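# Per-entry structural report
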Amino acid sequence: MFRSIALAFALGVSSAAYAAEGDEPAGPPAEAPAAKPAEKADEAFKARVKLGNGRSVTGVVKVAGSWERRDAKTGWTACGKDDPGACVRIWNVSGRAGFVTLPAKDVASIENDGALDADGLKKIADDAAAADKRAADAGEKQRKARQDRRAAETAAAEKAVGEAVAKQQAATDEARAKVDSDLLAKFPPEEWSAERRDEIGHRELIMKLMPTDKEREFVANYDAWARAAAAAKAEADAKAAAEEKTRKDAEGAKKGVPAKK
């Protein structure tokens, strides 16, 4: 993709002054002059194109007469500066591949800085291709660096969120453990149970015996107490099972029996 628009900004020429290959130059179409080869090696020369705004562009012109126009039927053909649609194509501007077009109305003069033979053209083309590759490689490196930076930032943000959530969860678990411990200390499972809760409700409903303050507190917090009691029992059962396994493994080791996994 030719860099017509970027060059137009750099040179201060109107955006219409530059067009990539395949675009139609400004101006009404006119009868095309007879087509002739437009890019012979023995016609190419290094050129300095001075613009009407005082700026200049350096590159390569590949037609002896400099001027061309784009015809719908014949493609690029040589023409005169005053012909409708006349422009000059400057190749390898700033050492880059491709060309830009400058309409004749924007061109003050074209200076020939030396003819180019086939070898000279090839060297310029090779250098331009190498420059484009370096630019592409640098662009890819920058893109990869941006991508890596965004990935690192995302990972850091996710880690921070994860740590905050874990910290909040730890605080919640700690607070719940404290509540559970207090409930079980105040209402030990060997004295308080679902049956006792039902008995308290039965006495109040049938026998009209009002529960004590502690009984009311137990009933009000029964769900939390039941969860805490179940968790404590599961923990105690797991501990007992582990201790029993350790005991049996120790006995088996004495008898030469492999420990069970």
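Residues numbered from 1 in each chain as written. Predicted model: local features only at pLDDT ≥ 70, side-chain atom pairs only at ≥ 80, totals over all residues. Heavy atoms only, no water.

Here we come to the overall build of the protein chain. Looking only at helices and strands, the protein chain has five helices and seven strands in total. In the protein chain, the succession of helices and strands from N to C terminus is α-β-β-β-β-β-β-β-α-α-α-α. Here the protein chain holds 261 residues, and the buried ones make up 28% of them. Considering only contacts in the protein chain between residues 6 or more positions apart, those separated by 24 or more positions represent 60%. In the structure as shown, the protein chain presents an accessible area of about 17,100 Å², 56% of it carried by carbon and sulfur atoms. (Helix = DSSP H or I, 4+ residues; strand = E, 2+ residues; numbered from the N terminus. Buried < 20%, exposed > 50% of the residue type's maximum accessible area, 1.4 Å probe, protein only. Contact = heavy atoms within 4.5 Å. Areas by Shrake-Rupley, 256 points an atom, 1.4 Å probe, with all protein chains shown as cover.)

The residue Ser66 is not glycine, and still its phi comes out positive at about 80 degrees. Secondary-structure assignment places Ser66 in the loop between strand S2 (56-61) and strand S3 (67-71). On the basis of relative accessible area, Ser66 is assigned to the buried category, the value being 7%.

Before going further, it helps to spend a moment on the nonpolar core. Ranked by size, the top nonpolar core spans 17 residues in total, and within it Val61, Val88, Ile90 and Leu102 carry the most contacts. Where this core is concerned, the elements lending two or more residues are strand S1 (45-51), S2, strand S5 (87-91) and strand S6 (99-103). Looking at this core, the element that brings in the most residues is S1, giving four residues. For Ile90, the residues in contact, after removing those within four places along its chain, are Val49, Val57, Thr58, Gly59, Val60, Val61, Gly98, Phe99, Val100 and Leu102. With 10 residues, the next largest nonpolar core counts Leu183, Leu184, Phe187 and Ala229 among its residues. (Core = buried A, V, L, I, M, F, W, Y, C linked by side-chain atoms within 4.5 Å.)

Here the focus is the pairing of strand S4 (residues 75-78). Here is the key point about a regular strand: its side chains alternate between the two faces of the sheet. Pairing of S3 with S4 involves four bridges; the strand directions are antiparallel. Within the sheet, the bridge partner assigned to Glu68 lies in S4 and is Ala78. Hairpin geometry of S3 and S4 is characterised by an intervening segment of three residues between the two adjacent antiparallel strands. (Pairing = 2+ DSSP bridges.)

With that settled, consider the packing of aromatic side chains. Throughout the structure, instances matching the rule amount to eight aromatic pairs. Seen in terms of ring centroids, Phe187 and Phe218 are 5.3 Å apart; in terms of plane orientation they differ by 55 degrees. Their pairing is tilted. Of this pair, Phe187 sits in the loop between helix H2 (118-186) and helix H3 (194-205) while Phe218 sits in helix H4 (residues 213-220), placing them 31 residues apart in sequence. An identical accessibility class is assigned to Phe187 and Phe218; each is buried. Here a set of aromatic residues connected by ring pairs shows up, and it is made of Phe187, Trp192, Phe218, Tyr222 and Trp225. Stacked on the ring of Trp76, the Lys or Arg Arg89 has its end atom at 4.3 Å from the ring centre. (Phe/Tyr/Trp six-rings, centres within 6.5 Å; stacked < 30°, edge-to-face > 60°. Lys NZ or Arg CZ within 6 Å of the ring centre and 35° of its normal.)

Right, let's get into the packing of H2 against helix H5 (residues 222-255). Remark: H2 packs on H5, axes separated minimally by 9 Å, with the N-to-C direction vectors making an angle of 95 degrees. Comparing their axes, H5 and H2 come out roughly perpendicular. Residues Arg176, Asp180, Leu183 and Leu184 of H2 pack against Ala224, Trp225, Arg227, Ala228, Ala229 and Ala232 of H5. Class assignment for the residues of the contact of H2 with H5 results in seven nonpolar, no polar and three charged. (Axes fitted to C-alpha atoms, helices over the stretch in contact; angles between N-to-C directions. Parallel < 35°, antiparallel > 145°, perpendicular 65-115°, else oblique. Nonpolar A, V, L, I, M, F, W, Y, C, P; charged D, E, K, R; others polar.)

Looking now at the environment of Phe187. Note on Phe187: relative accessible area 0%, which makes it buried. If we skip the residues at most four places from it in the chain, Phe187 touches Trp192, Lys214, Glu217, Phe218 and Trp225.

Further remarks concern the packing of H3 against H4. The N-to-C vectors of H3 and H4 enclose an angle of 120 degrees; their axes lie 10 Å apart at closest approach. Taken together, H3 and H4 sit at an angle that is classed as oblique. Handedness of the crossing formed by H3 with H4: left-handed. Of the residues in H4, those in contact with Arg196, Arg197, Ile200, Arg203 and Glu204 of H3 are Glu215, Arg216, Phe218 and Val219. Class assignment of the residues belonging to the contact of H3 with H4 gives a composition of three nonpolar, no polar and six charged. (Left-handed = near helix turned anticlockwise from the far one by under 90°.)

Keep in mind these values describe shape, not function.
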